[in-house]
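What follows is the residue order along each chain.
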Amino acid sequence: MTDVTKPLRPGDLDPLARSGTGRSVSARSAMPDAGGASDLDVAALDERLGGDHELLSELVDLLRSTLPDLLARIDDCLAAHDLGGVREAAHALSGAIGNFCAPAAGRSATALLAAARRGDRSEAVRARGEFAASWQRLEPLLVELVTPRRG
Amino acid sequence: MESMRALIIEDEITTRVLLRRILSREFGCEVTECQNGLEALEALSHREFDFAVLDLRMPVLDGVETLDAIRQSPGFAALPVVVMTVEREEGRVRRVLELGISDYLLKPLRPDHVSDRVRQLMAKIAGARAAEAGSRAREAADGQPRLLVVDGDAGFRRLVAKAVEGWQVVEAESGLAGLKQAIELKPNVVLIGQNLGILGADLLLKKLRTRDQLHQARLCLVRPEGSAPEPDAHRGYDVTVERAADPDLMRARLAAVLPDLDGAADPVDAIGVAVAAALGQFFGMMLSLEVEPDPDPPAPGDDILGARTKLTVGDRHRPLEVVLRWDLATARRLAGVVLDVGADQATDEDLELAGAELARIVASRVKTSLEASGGRLTYSPAVPLDRTPLGPPRQTLTFRTVKDGLRYRVDFIDANEDDTAPGGPVPVLP
């Protein structure tokens, strides 16, 4: 079993990140998306949280437990053409994702918020789809990051 | 430092958790969390908090509305509040500054940054409490603050003794006697007058300045009647006051220089703190520019743009001009956010308008601060700098932005009471 020692440093994260799915999370740029942008900036996240792995775990758990409701709220509001509701939920989404140094998800959350503010529903729907795709890539990376490797 | 009670008002849970962790683990705070403004007002009505960290955009009752409600509540109007924002919406920032905040945090939060700001805030709160306790202890000890008047003219000393109310006045007829009395009595204010014998005014000042136990005493030079305040006259003294033979006139002049001693010292100091806070917060929230005191301040020059506004403090009858100036790069960025024009497209008029607007925001912020400490303020609308010549500054604050090195300065200038802008002083309205 490989334990994460504190403080967490970017170098510590690599072996953990390579476990499980076998996908690599490099210190700087992980899992390039179609546009070439990174999904998770591990080094920045590590710096932001001061290497506090316990805090990171807590935040990731919270994000994973709250995001489904938040996204469901956004979907309901989009279906009801309630862009005010979308704006409110997208603001919370943007704030939550903003804590994780996840550029692609952050961008799509911001785009969703901006579209809702403009009252542009079709753009909001597009941004919501983009967020779903980026979250699909981001979630396993976060899980890998906080799950101690068993070996 | 004693454990403090912190109120977190934030709808987004990961940010709440981040804050709770920093506040409780790093600073030992007792933390209460609320998800919106309504919950926060409810919590505030049931218990006391030392400070609050407030998100600006929330459902139900947003941050600005919550801050407004807090400031209007007699029970917790003075609560120190740190706002968190991603906003660069000028109207929102302006309103927040007008309502008065202790500090701001830009989102997404950086724990190290949050820690620095919280540390500063807690030190400020602890300092204010210590000052308040000291003031209360002083009053309890002898009831009245002490004024030492050192002057060779017995008539003038008696006139001063009659002119001031609520002060214990002690007289000394010479510089030597004054020094002895000052050491023994530790007065709050020393008036240093004329005909002091072998230990003249400047030497007495120097001796008083070297005494640790007198470091909080306000040292005031009484200058001859009819003399104009010169920049050199201020050197080394906290303030100067013109001598008067007429008791009423002397009373009015002394009223302008004697501190209140009720927790707030010199109102000019309070203005300086409020101005510095308002500018730092505005530049931080609107331009993401961190501001620090400038150790190498630029001399004022013709190319420095800016605005000028005159603040009149309470019923002190001591008009004070607060002059804001900043360099061209800062002025352009300012125009960009305040007037929403491209930095390169800003005309001279835009720069002037943006400066005037910032001056207005600063004036509103100062008003909030003064009112919180029981003071009053009126102000005249900002006017361009080149309309009238400026007098010598009584005090100058200089700042620069940490990253870009943009500079600005604030001069505090004594003004004549009749030197008002067209229309005269007007109340600052929210």
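Residues numbered from 1 in each chain as written. Chains lettered and ligands numbered in written order. Predicted model: local features only at pLDDT ≥ 70, side-chain atom pairs only at ≥ 80, totals over all residues. Heavy atoms only, no water.

K.L.:
Teacher, can you tell me more about the overall build of chain A here?
P.N.:
For chain A, the helix and strand inventory stands at six helices and zero strands. Counting only residues that meet the buried cut, chain A has 50% of its 151 residues in that class. Residue pairs at least 24 apart in sequence account for 65% of intrachain contacts in chain A once pairs closer than 6 positions are excluded. Element-wise, carbon and sulfur atoms account for 51% of the exposed surface of chain A, whose accessible area totals about 6,700 Å². (Helix = DSSP H or I, 4+ residues; strand = E, 2+ residues; numbered from the N terminus. Buried < 20%, exposed > 50% of the residue type's maximum accessible area, 1.4 Å probe, protein only. Contact = heavy atoms within 4.5 Å. Areas by Shrake-Rupley, 256 points an atom, 1.4 Å probe, with all protein chains shown as cover.)

K.L.:
Would you mind going over the overall build of chain B with me for this structure?
P.N.:
Within chain B one finds 13 helices and 17 strands. In chain B, 66% of the contacts between residues at least 6 apart in sequence involve partners at least 24 apart. Accessible surface for chain B amounts to roughly 19,500 Å². Of this, 51% is attributable to carbon and sulfur atoms.

K.L.:
What's the story with the pairing of strand 3 (residues 51–55) of chain B in this structure? I'm lost.
P.N.:
In regular strands, side chains alternate between the two faces of the sheet. Residues and elements named next belong to chain B. For strand 3, the tally of buried residues reaches five of five residues, placing the bulk of the element in the interior. Neither face of strand 3 is left uncovered, since the one carrying Phe51, Val53 and Asp55 and the one carrying Ala52 and Leu54 both have all their residues buried. By the bridge criterion, four bridges tie strand 1 (residues 5–9) to strand 3 in an arrangement that is parallel. Its bridge partner being in strand 3, Leu7 is matched across the sheet by Ala52. Pairing of strand 3 with strand 4 (residues 81–85), which is carried by four bridges, proceeds in the parallel orientation. Within the sheet, the bridge partner assigned to Ala52 lies in strand 4 and is Val81. Note that the unit made of strand 3, helix 3 (residues 63–72) and strand 4 has a crossover that is right-handed. (Pairing = 2+ DSSP bridges. Right-handed = clockwise from strand over helix to strand, strands pointing away.)

K.L.:
What is the right way to read helix 1 (residues 13–26) of chain B from this model?
P.N.:
Structural remark: α-helix, 3.6 residues per turn; residues separated by three or four positions point the same way. Residues and elements named next belong to chain B. Compared with the 20 Å implied by 1.5 Å per residue over 14 residues, the 19 Å span of helix 1 between its first and last C-alpha is a close match. Those residues of helix 1 not exposed but buried are Thr14, Thr15, Arg16, Val17, Leu18, Leu19, Arg21, Ile22 and Leu23. Of the residues flanking the end of helix 1, it is Gly28, one or two places downstream, whose phi is positive at about 65°. (Expected span 1.5 Å × (residues − 1).)

K.L.:
Sorry if this is basic, but what is going on with the packing of aromatic side chains here?
P.N.:
Think of a pair of aromatic rings as described by two things: how far the centres are apart, and how the planes are tilted against each other in angle. Residue and element names in this part refer to chain B. Throughout the structure, instances matching the rule amount to one aromatic pair over all chains. Between Phe282 and Phe283, the aromatic rings sit 6.3 Å apart at their centres with planes inclined by 70°, giving edge-to-face as the arrangement. As far as the burial class goes, Phe282 and Phe283 line up, both buried. When the ring centre of Phe156 is taken as origin, the NZ or CZ atom of Arg243, which lies over that ring, is 3.9 Å away. (Phe/Tyr/Trp six-rings, centres within 6.5 Å; stacked < 30°, edge-to-face > 60°. Lys NZ or Arg CZ within 6 Å of the ring centre and 35° of its normal.)

K.L.:
For this particular structure, what's the right way to read the pairing of strand 10 (residues 239–242) of chain B?
P.N.:
Residue and element names in this part refer to chain B. With burial as the criterion, each face of strand 10 is covered, one bearing Val239 and Val241 and the other bearing Thr240 and Glu242. By the bridge criterion, four bridges tie strand 9 (residues 218–223) to strand 10 in an arrangement that is parallel. Bridging from a neighbouring strand, Leu221 pairs with Thr240 of strand 10.

K.L.:
Hey, could you run me through the sheet that holds strand 8 (residues 189–192) of chain B in this one?
P.N.:
Adjacent strands of a sheet pair through backbone hydrogen bonds, lying either parallel or antiparallel. All names here are of chain B. The strand order across the open sheet formed by five strands is 7-6-8-9-10, and the pairing between neighbours is parallel. Looking at which strands have only one partner, the edges of the open sheet turn out to be strand 7 (168–172) and strand 10. Mean inter-strand twist for the sheet, computed between neighbouring axes without regard to direction, equals 25°. Relative to strand 7, strand 6 (residues 146–150) runs parallel, the two sharing five bridges. When the sheet's bridge partners are listed, Val150 is paired in strand 7 with Ala172. Running over the sheet, helix 8 (residues 201–209) touches strand 6, strand 8 and strand 9 and is turned about 160° from strand 8. Contacts between helix 10 (residues 247–257) and the sheet are confined to strand 8, strand 9 and strand 10, with strand 10 contributing the most and set at about 170° to the helix. (Axes fitted to C-alpha atoms, helices over the stretch in contact; angles between N-to-C directions.)

K.L.:
Looking at this structure, I do not really get the side chain of Asn99(A). What am I missing?
P.N.:
Relative to the helices and strands, Asn99(A) resides in the loop between helix 4 (83–98) and helix 5 (103–118). A distance of 3.5 Å separates a polar atom in the side chain of Asn99(A) from the backbone oxygen of Gly95(A). In this view, Asn99(A) contacts Leu45(A), Arg48(A), Glu12(B), Thr14(B), Thr15(B), Leu18(B), Pro108(B) and Leu109(B); residues no more than four positions away in its chain are not counted. (Polar contact = N/O pair within 3.5 Å; in protein donor to acceptor, adjacent residues only side chain to side chain.)

K.L.:
Looking at this structure, how should I read the pattern of salt bridges?
P.N.:
As a working rule, side chains carrying opposite charge can pair if their charged atoms are close by. Scanning the entire structure with this criterion turns up 31 salt bridges over all chains. Glu139(A) is paired through a salt bridge with Arg64(A); the nearest N and O atoms lie 2.8 Å apart. With Glu139(A) in helix 6 (residues 121–146) and Arg64(A) in helix 3 (residues 53–79), this residue pair connects regions lying 75 residues apart in the sequence. Of the residues examined, Glu139(A) reaches a relative accessible area of 23% and is grouped as partly exposed. A salt bridge links Arg157(B) to Glu171(B); the nearest nitrogen and oxygen atoms lie 3.1 Å apart. Of this pair, Arg157(B) sits in helix 6 (residues 154–163) while Glu171(B) sits in strand 7, and the two are 14 residues apart along the sequence. Judged by its relative accessible area of 32%, Glu171(B) falls in the partly exposed class. (Salt bridge = Lys/Arg side-chain N within 4 Å of Asp/Glu carboxyl O.)

K.L.:
Would you mind showing me how to read the confidence of the model for chain B here?
P.N.:
Residues and elements named next belong to chain B. Residues at a pLDDT of 70 or more form 78% of chain B, whose mean pLDDT is 78. Low confidence marks residues 261–265, where pLDDT is under 50. Its contacts with residues over four positions away, or in another chain, come to eleven contacts. In this model, residues 417–430 is a region of pLDDT below 50 whose contacts with residues beyond four sequence positions or in other chains number 26 contacts. Under the prediction, the complex receives an ipTM of 0.71, its pTM being 0.64. (pLDDT = per-residue confidence, 0-100.)

K.L.:
Is there a simple way to explain the confidence of the model for chain A in this structure?
P.N.:
Any region with low pLDDT has predicted coordinates that should not be read closely. Residues and elements named next belong to chain A. For chain A, the average pLDDT comes to 77, and 74% of its residues sit at 70 or higher. When mean pLDDT is taken per element in chain A, helix 6 scores highest with 94 and helix 1 (residues 10–18) scores lowest with 37. For the stretch residues 1–37, pLDDT sits under 50, and the model shows 77 contacts to residues farther than four places along the chain or on other chains.

K.L.:
Any chance you could explain the interface of chain A and chain B here in plain terms?
P.N.:
Contacts between chain A and chain B engage 20 residues on the former and 19 residues on the latter. The shortest N-O distance in the salt bridge between Glu58(A) and Arg21(B) comes to 3.5 Å. Counting across the chain A and chain B interface gives seven residue pairs in polar contact (both at pLDDT 80 or more). Among the secondary structure elements, those contributing two or more residues to the side of chain A that touches chain B are helix 2 (42–48), helix 3 and helix 4 of chain A. In terms of residue count, helix 3 of chain A provides more of the side of chain A that touches chain B than any other element does, seven residues in total. For the side of chain A that touches chain B, the class distribution of residues is eight nonpolar, five polar and seven charged. (Nonpolar A, V, L, I, M, F, W, Y, C, P; charged D, E, K, R; others polar.)

K.L.:
Can you walk me through the sheet that holds strand 4 of chain B in this structure?
P.N.:
All names here are of chain B. One open sheet holds the five strands; their spatial order is 2-1-3-4-5, and the pairing between them is parallel. Looking at strand neighbours, the two that pair on one side only are strand 2 (30–34) and strand 5 (103–106), the edges of this open sheet. Sheet twist, expressed as the average angle between the axes of neighbouring strands with direction ignored, equals 20°. Those strands touched by helix 3 are strand 3 and strand 4, and its axis lies near 150° from that of strand 3.

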